[in-house]
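# Structural overview
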Amino acid sequence: TACSASNGIYQIEVNKSTLYPNPANASIYINFEQELTINSINLYSVNGKNLNNLVSNKISAQGILINTEKLNTGNYFLTITTDKQIINQSFTIIK
């Protein structure tokens, strides 16, 4: 997130992301507008239980493919933490 206030008005630039397909079965893909340094991606159940940390080391990427074959049918949330922002995405698994 970039922030500038040269005129007294703060402008925040947020890198947008797109998650597809949704609903999914075997995998999901997350695409970012530009390359990001990703510190962590955490997968949560609909109840808020942290199921998995999907990134163990920092990575730079403009897109990420996540295998969802082992997930049961249901709703899930991802929290993607970068050097500049936190991105939250939700998705549904249908088997």
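Preceding block: the structure.
Here goes a summary of the coordinates provided. (Residues numbered from 1 in each chain as written. Predicted model: local features only at pLDDT ≥ 70, side-chain atom pairs only at ≥ 80, totals over all residues. Heavy atoms only, no water.)

## Structural notes on the pattern of salt bridges
- Using the criterion set out here, one finds one salt bridge in the structure.
- Between Lys58 and Asp83 there is a salt bridge, with the nearest N and O atoms lying 3.5 Å from each other. Of this pair, Lys58 sits in the loop between β5 (50–53) and β6 (59–67) while Asp83 sits in the loop between β7 (74–82) and β8 (86–93); the two residues are 25 residues apart in sequence, bridging distant segments of the chain.
- Judged by relative accessible area, Lys58 falls into the exposed class, the value being 56%. (Salt bridge = Lys/Arg side-chain N within 4 Å of Asp/Glu carboxyl O. Helix = DSSP H or I, 4+ residues; strand = E, 2+ residues; numbered from the N terminus. Buried < 20%, exposed > 50% of the residue type's maximum accessible area, 1.4 Å probe, protein only.)

## Comments concerning the side chain of Ser45
- With respect to the secondary-structure elements, Ser45 resides in strand β4 (residues 27–45).
- For Ser45, the contacting residues outside a window of four places in its chain are Leu51, Asn75, Tyr76 and Phe77. (Contact = heavy atoms within 4.5 Å.)

## Structural notes on the nonpolar core
- With 20 residues, the main nonpolar core has Phe32, Ile38, Ile41, Leu78 and Phe91 as its most contacted residues.
- Breaking this core down by element, the ones donating at least two residues are β4, β6, β7 and β8.
- With seven residues, the single largest contributor to this core is β4.
- For Ile38, the residues in contact, after removing those within four places along its chain, are Phe32, Val55, Asn57, Lys58, Ile59, Ala61, Ile64, Ile80, Thr81 and Thr82. (Core = buried A, V, L, I, M, F, W, Y, C linked by side-chain atoms within 4.5 Å.)

## Here's the deal with the environment of Ile28
- With respect to the helices and strands, Ile28 occurs in strand β4.
- Ile28 sits in the buried class, given a relative accessible area of 0%.
- Sequence spacing of Ile28 and Leu65 is 37 residues, and the spatial spacing of their C-alpha atoms is 5.9 Å.
- Those residues within four positions of Ile28 in sequence are excluded, and the remaining contacts are Leu19, Tyr20, Pro21, Ile64, Leu65, Ile66, Thr68, Leu78 and Phe91.

## A short note on the environment of Gly63
- Looking at where Gly63 falls in the secondary structure, it is placed in strand β6.
- Along the backbone, Gly63 and Ser17 are 46 residues apart, and their C-alpha atoms lie at a distance of 9.0 Å.
- Each residue touching Gly63, except ones within four places of it in the same chain, is listed here: Tyr29, Ile30, Asn31 and Phe32.

## So, the pairing of β7
- Looking at chain direction, β4 and β7 are connected through seven bridges and run antiparallel. By the bridge assignment, Ile38 is partnered in β7 with Thr82.
- The antiparallel pairing of β7 with β8 creates a hairpin that spans three residues between the two strands. (Pairing = 2+ DSSP bridges.)

## Digging into the environment of Gly48
- Within the secondary structure, Gly48 is located in the loop between β4 and β5.
- Relative accessible area serves as the criterion here: at 49%, Gly48 is assigned to the partly exposed category.
- Sequence-wise, Gly48 and Phe77 are 29 residues apart; in three dimensions their C-alpha atoms are separated by 8.3 Å.

All quantities given are derived from atomic positions and should not be read as evidence of function.
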